[in-house]
Amino acid sequence: MSLTRITLSRVPAPLRPLLVKHRELVKFAFTGGVCFVLTAGVNYGLKLTVMKTKPVSALTIAIIVATIASYLMNSGWSFRARGGRSRHVEAVLFFGVSALGVAVNDIPLYLARYAFNLQYPNVSHVTQELSDFLSGMIIGTLMGMAFRWWAMKKWVFPHEKARGTVTAASAGRLATPADEESELVA
């Protein structure tokens, strides 16, 4: 039994159909969670060692690393049933949208540090780090995620065209809850 099936079996029964119905969003959010942890690890690894005085650069590098992981997970899993474009075109669009997403993600941290001067010596180190975390890792990530979700569905993976998979609809029959659960797992 797959991890997704095990997880779905532990979700309250009334919530399961909602998760299955919005499976792309669930997969996108899971991918985002994995990439958030990756971003935080790389960001603080850089920020606490070689980039102590360059927090925006450290966050930008961390986001770029996580974006590569995000492409692999989103194209191979989250939006697998969409697209219809060649991998090359899809990758170019993905990384173009992601570059804009990096800018959207960096804006709150940049504003906190340089427009509102929430940096040492104007504020304590604790206040600076709390501001960096809230503005860069929380607010920036939420803004970037919302932008990426919209842009990925609109431009990168726009069509409901399966890549070599047979769904209930393409087989000429109505989808059952079991079909929908199996598509969530896929």
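Preceding block: the structure.
Here the structure is a predicted model, which means the values were calculated and not measured. (Residues numbered from 1 in each chain as written. Predicted model: local features only at pLDDT ≥ 70, side-chain atom pairs only at ≥ 80, totals over all residues. Heavy atoms only, no water.)

Undergrad: Kindly report on the packing of helix α3 (residues 23-47) against helix α4 (residues 55-78), identifying the contributing residues and their values.
TA: Put simply, α3 and α4 touch, their axes get as near as 8 Å, and they point 150° apart. Relative to α4, the element α3 is oriented roughly antiparallel. As for how α3 packs across α4, the hand of that crossing is right-handed. Of the residues belonging to the contact of α3 with α4, the class tally is 18 nonpolar, six polar and three charged. (Axes fitted to C-alpha atoms, helices over the stretch in contact; angles between N-to-C directions. Helix = DSSP H or I, 4+ residues; strand = E, 2+ residues; numbered from the N terminus. Parallel < 35°, antiparallel > 145°, perpendicular 65-115°, else oblique. Left-handed = near helix turned anticlockwise from the far one by under 90°. Nonpolar A, V, L, I, M, F, W, Y, C, P; charged D, E, K, R; others polar.)

Undergrad: Requested: an account of the packing of α4 against helix α6 (residues 125-156), with residues and values cited.
TA: Two numbers describe how α4 lies on α6: the axes approach to 12 Å, and their chain directions differ by 40°. It follows that α4 is oblique to α6 by the angle criterion. Crossing hand, α4 versus α6: right-handed. Along the contact surface, α4 presents Pro55, Leu59, Ile63 and Thr67, while α6 presents Asp132, Gly136, Met137 and Arg148. Here the residues of the contact of α4 with α6 sort into four nonpolar, two polar and two charged. (Contact = heavy atoms within 4.5 Å.)

Undergrad: Go over the nonpolar core, please, and point to the residues and values.
TA: Proteins that are soluble and globular tend to have nonpolar side chains buried together. Phe28, Tyr71, Phe79, Ala91, Phe94, Val97, Val104, Phe147, Ala151, Met152, Val156 and Phe157 together form the largest nonpolar core, which totals 12 residues. Secondary structure elements with two or more residues in this core: α5 (87-115) and α6. Listed in part, the seven residues of the second largest apolar core include Val56, Ile63, Leu109 and Met137. (Core = buried A, V, L, I, M, F, W, Y, C linked by side-chain atoms within 4.5 Å. Buried < 20%, exposed > 50% of the residue type's maximum accessible area, 1.4 Å probe, protein only.)

Worth remembering: the numbers are spatial, not functional.
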